[in-house]
Amino acid sequence: MFNAVSKSPWVVHFNCNSCNGCDIEFLACLTPHYDVERFGILHIGNPKHADVLVVTGSVNNRNARVLQNVYNQIPDPKVVVALGVCTSSGGVFAGCYNILGGVDIVIPVDVFVPGCPPRPEAMIDGIVKAVGILERKRKGEIFPTAPKPLCKFKPSEEQSAETTAIKEEKTV
Ligand code: SF4
């Protein structure tokens with residue numbers, strides 16, 4: 001069973017507020033030019049069938065729960081690959097009124113692939129590294145990490161006040 005998974009990891013992709021740059025590069029991995037399927041990596045649409053979660057973009061108050069919901073639907077053991085600088089810190093969007101930060105404030109991340117956007121070769125390398133981590137998790141050498149509590153992702157009073165001020169400014 002394990003050999004089948006490590007030789008053919010199934011990947012589900014979640015766009016978490018990305019500008020689409022990382023998503024386009026990730027989709028390039030599926031084209032005949034990069035052809036990740038030759039490594040057995042299969043892109044699927046259902047998290048319940050996946051071994052690897054690939055995330056692009058940053059976390060905000062709206063998508064934090066959705067991201068964690070997708071993560072929770074993937075059976076254990078699983079690995080998460082975060083593509084692009086937005087997933088690690090918010091990237092160019094860090095500091096915007098609705099951005100909370102990188103995806104690791106909501107779910108555990110196994111591999112970060114830096115870049116804005118990263119090249120498809122780097123993305124494939126990150127996924128292959130993640131499959132190595134998945135193998136160690138299956139052997140019990142690495143224990144799964146629980147998702148982060150979501151209670152802190154309710155908008156703070158300061159954020160709510162800021163959002164209201166921006167909305168009022170737009171309506172004037
Ligand atoms: S890392 Fe760059 S390309 Fe990727 S989602 Fe962020 S801004 Fe877009």
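See above for the structure.
Residues numbered from 1 in each chain as written. Predicted model: local features only at pLDDT ≥ 70, side-chain atom pairs only at ≥ 80, totals over all residues.

**Quick look at the nonpolar core**
A general trend in soluble globular proteins is that nonpolar side chains are found buried together.
Right, so step 1: Ranked by internal contacts, the top residues of the largest apolar core, which has 38 residues, are L53, V55, L67 and V81.
Right, so step 2: Elements with a minimum of two residues in this core: strand 1 (10-15), helix 2 (21-30), strand 3 (52-56), helix 3 (63-73), strand 5 (79-83), strand 6 (99-101), strand 7 (111-113) and helix 5 (120-138).
Right, so step 3: Once residues lying within four places of it in the same chain are set aside, the contact partners of L53 are V12, F14, V70, Y71, I74, K78 and V80. (Core = buried A, V, L, I, M, F, W, Y, C linked by C-beta atoms within 7 Å. Buried ≥ 20, exposed ≤ 12 C-beta atoms within 10 Å, placed from the backbone. Helix = DSSP H or I, 4+ residues; strand = E, 2+ residues; numbered from the N terminus. Contact = placed C-beta atoms within 7 Å.)

**Topic: the site of the ligand**
Right, so step 1: Near the ligand you find 13 residues, and of these C19, G21, C22, G84 and C86 are the closest.
Right, so step 2: Sorting the residues of the shell around the ligand by element identifies helix 2 and helix 4 (85-89) as the ones contributing at least two each.
Right, so step 3: Residue composition of the shell around the ligand, grouped by class: 7 nonpolar, 6 polar and no charged. (Near = placed C-beta within 6 Å. Nonpolar A, V, L, I, M, F, W, Y, C, P; charged D, E, K, R; others polar.)

**Thoughts on helix 2**
Right, so step 1: All of the buried residues along helix 2 are C22, E25, F26 and C29. Along helix 2, the residues classed as buried sweep out an arc of 100° about the axis, all on the same side.
Right, so step 2: Lining the buried residues of helix 2 we find strand 1, strand 3, strand 5 and helix 5. (Arc of directions from axis to C-beta.)

**Describing the sheet that holds strand 3**
Right, so step 1: Read from one edge to the other, the open sheet built from 5 strands follows the order 2-1-3-5-7, with strand pairing classed as parallel. Every interior strand has two partners, whereas the edge strands, strand 2 (42-44) and strand 7, have only one. Here the strands of the sheet are splayed against their neighbours by 30° on average, with no regard to which way each runs.
Right, so step 2: For strand 3 and strand 5, the ladder comprises 5 bridges, and the chain directions are parallel. Residue pairing in the sheet places L53 in a bridge with V80 of strand 5.
Right, so step 3: Along the sheet, helix 2 makes contact with strand 1, strand 2, strand 3 and strand 5, crossing strand 3 at roughly 140°. (Pairing = 2+ DSSP bridges. Axes fitted to C-alpha atoms, helices over the stretch in contact; angles between N-to-C directions.)

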